[in-house]
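Residues per chain, in single letters:
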Amino acid sequence: MAYQNILVETRGHVGLVTLHRPQALNALNETLIGELNEALAGFESNPQIGCTVITGSEKAFAAGADVKEMAGKSYIESYLGRFLDGWTRISETRKPVIAAVSGFCLGGGLELAMMCDFIIASDTARFALPEITLGIMPGAGGTQRLPRFIGKAKAMDLILTGRMMDATEAERCGLVARIVTPETLLDEALSAAAKVASYSQPIVMMAKETVNRAQETSLSEGARFERRLFLSMFATEDQKEGMKAFIEKRKPEFLNR
Ligand code: HXC
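Cut-offs applied
- Residues numbered from 1 in each chain as written.
- Predicted model: local features only at pLDDT ≥ 70, side-chain atom pairs only at ≥ 80, totals over all residues.
- Heavy atoms only, no water.
- Pairing = 2+ DSSP bridges.
- Helix = DSSP H or I, 4+ residues; strand = E, 2+ residues; numbered from the N terminus.
- Axes fitted to C-alpha atoms, helices over the stretch in contact; angles between N-to-C directions.
- Contact = heavy atoms within 4.5 Å.
- Buried < 20%, exposed > 50% of the residue type's maximum accessible area, 1.4 Å probe, protein only.
- Arc of directions from axis to C-beta.
- Phe/Tyr/Trp six-rings, centres within 6.5 Å; stacked < 30°, edge-to-face > 60°.
- Lys NZ or Arg CZ within 6 Å of the ring centre and 35° of its normal.
- Parallel < 35°, antiparallel > 145°, perpendicular 65-115°, else oblique.
- Left-handed = near helix turned anticlockwise from the far one by under 90°.
- Nonpolar A, V, L, I, M, F, W, Y, C, P; charged D, E, K, R; others polar.
- Near = heavy atom within 4 Å.
- Polar contact = N/O pair within 3.5 Å; in protein donor to acceptor, adjacent residues only side chain to side chain.
- Patch = residues over 30% accessible without salt bridge, like charges linked within 9 Å, V, L, I, M, F, W, Y side chains within 5 Å.
- Areas by Shrake-Rupley, 256 points an atom, 1.4 Å probe, with all protein chains shown as cover.
- Salt bridge = Lys/Arg side-chain N within 4 Å of Asp/Glu carboxyl O.

Peer 1: Tell me about the sheet that holds strand β10 (residues 178–180), and name the residues and values.
Peer 2: The sheet built from 6 strands is open, its strands ordered β1-β2-β3-β5-β7-β10 with mixed pairing. Bordering the open sheet on either side are β1 (6–11) and β10, each of which pairs with just one other strand. Taking the axes of each pair of neighbouring strands and ignoring which way they run, one obtains an average angle of 20 degrees across the sheet. Note: strand β7 (residues 118–122) against β10, 3 bridges, orientation parallel. Each residue of the ladder has a partner; that of serine 122, found in β10, is valine 180. The strands that helix α1 (residues 30–44) touches are β1, β2 (14–19), β3 (51–55) and β5 (97–101); relative to β1, the one it contacts most, it runs at about 15 degrees.

Peer 1: Report on the sheet that holds strand β9 (residues 165–166), specifying residues and quantitative values.
Peer 2: On the basis of which strands lie adjacent, the open sheet formed by 4 strands has the order β4-β6-β8-β9 and mixed pairing. Pairing within the sheet leaves two strands with one partner each, and these edge strands are β4 (60–62) and β9. As paired strands, strand β8 (residues 126–128) and β9 are joined by 2 bridges and run antiparallel to one another. When the bridges of β9 are listed, arginine 126 appears paired with aspartate 166. Docked against the sheet, helix α5 (residues 108–115) engages β4, β6 (104–106) and β8, running at close to 90 degrees with respect to β6.

Peer 1: Break down helix α12 (residues 237–247) for me, with residues and values.
Peer 2: Owing to its 3.6 residues per turn, the α-helix brings residues three or four apart onto one side. Taken as a whole, α12 has its buried residues at Asp238, Gln239, Glu241 and Ala245. For α12, the arc enclosing every buried residue in end-on projection is 165 degrees, short of the 170-degree limit, so these residues lie on one face. Buried residues in α12 make contact with α10 (201–213). Positioned one or two residues after α12, lysine 249 has a phi angle of 55 degrees, which is positive.

Peer 1: Break down the packing of aromatic side chains for me, citing the residues and quoting the values.
Peer 2: The description of an aromatic ring pair uses the distance of the two centres, along with the angle that the planes make with each other. What the rule picks out here adds up to 2 aromatic pairs. Ring geometry for tyrosine 75 against tyrosine 79: centres 5.9 Å apart, planes inclined by 25 degrees, an arrangement best described as stacked. Remark: tyrosine 79 and tyrosine 75 occur in helix α3 (residues 75–80); sequence separation between them is 4 residues, near one turn of the helix. A single burial state applies to tyrosine 75 and to tyrosine 79, both of which are exposed. Considering the side-chain rings of phenylalanine 230 and phenylalanine 234, the 5.4 Å spacing of their centres and the 70 degrees angle between planes classify their relative orientation as edge-to-face. The class of phenylalanine 230 is partly exposed, set by a relative accessible area of 46%. A cation over a ring is seen here: lysine 73 above phenylalanine 83, with NZ or CZ 4.7 Å from the ring centre.

Peer 1: Account for the packing of α5 against helix α6 (residues 142–150), with residues named and values stated.
Peer 2: Running from N to C, α5 and α6 point in directions that differ by 60 degrees, and their axes come no closer than 10 Å. As judged from the angle between their axes, α5 and α6 are oblique. In this structure, α5 meets α6 at a crossing whose hand is left-handed. Contact residues: Glu111, Met114 and Met115 in α5; Gly142, Arg145, Leu146 and Phe149 in α6. Here the residues of the contact of α5 with α6 are counted per class, giving 4 nonpolar, 1 polar and 2 charged.

Peer 1: Describe α6, naming the residues involved and giving the relevant values.
Peer 2: For α6, the full list of buried residues reads Gly142, Leu146 and Ile150. The arc enclosing the buried residues of α6, seen along the axis, measures out at 25 degrees, which places them on a common side. Turning to α6, the residues buried within the fold contact α5 and α7 (152–161). Just downstream of α6 lies glycine 151, where phi reads positive at about 90 degrees.

Peer 1: Quick rundown of the site of the ligand? Include the residues and the values.
Peer 2: The full set close to the ligand counts 24 residues, and Ala63, Ala65, Val67, Lys68 and Gly108 are the nearest of them. Contact distances for the ligand include 2.8 Å between an oxygen atom and a backbone N or O atom of glycine 108. Mapped by element, the contributors of at least two residues to the shell around the ligand are α2 (67–70), β6 and α5. If you tally residues by element for the shell around the ligand, the top one is α2, at 3 residues. For the shell around the ligand, the class distribution of residues is 14 nonpolar, 5 polar and 5 charged.

Peer 1: Talk me through a nonpolar patch on the surface; I want residue IDs and the actual numbers.
Peer 2: Taken together, the side chains of Tyr75, Ile76, Tyr79 and Leu80 present a nonpolar region at the surface, about 530 Å² in accessible area. Using a relative accessible area of 55% as the deciding quantity, one classes tyrosine 79 as exposed.

In short, the description is geometric, and any link to function would need to be established separately.
Given below as structure tokens:
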């Protein structure tokens, strides 16, 4: 499938999407978001794929939603045209998605990265929600996800000032899981994804769903949800195989059942 704004490949059991609008620092227009959804849906329904990596270029993961496309929009056109609906679908992906970020990760670019399950950043990465400088605020989950990652004080600082944060600060405050060099970024992300993809797919998907529950519910409800899914895992062949393999001192062969 040929896309205009993204490159899509598979590496073993890992799906790789490279945002590719170099002339616009990977600004996320509606066509790109549609293509990204299509690629993710393809990986989601492909039993060979266990995890996806989304990356950009060395200069930019994505410099935000496409300001030139948004600038002339009217309220009624946006409302009736369901502007931003496509963004929500990315966060509904059940298989894990890792963001590999170098360079600018701004506005909608950061919102996209935060919809992924974790972010691996190169030391050149720069993060911001600069929407305030354009007379708007974040609109693809940024006001809700950022405080959950880094706390209210720092989220307010970033959203109200629009300032940029470097990779070290982003890791220190919990936005970024790991920092690596730009040269090793893609390999690190692909190798993390390959590790995830080597485990039982349904178990990985349930683990992702359960961690995400922590963002949306109380501790006691979340723990109950965890208990339910944890117990349900004993109905899978993969739990039997995983534990048997440990006892027999061999590598497990998960069948995704
Ligand atoms: C459209 C963009 C863009 C964007 C960059 N470009 N960011 N086009 N939308 N978000 C384009 C520029 O217009 C320029 O095109 C080309 O990419 C190169 O950018 P330069 O500005 O020349 O590069 P540089 O001087 O290196 O500055 C890089 C930058 C700057 C600091 C990242 O481009 C910048 O501030 N971009 C906007 C960042 C931003 O405000 N993001 C938030 C968007 S709002 P030409 O044709 O001139 O060469 C948002 C809302 C999300 O994301 C909410 C809901 C989805």
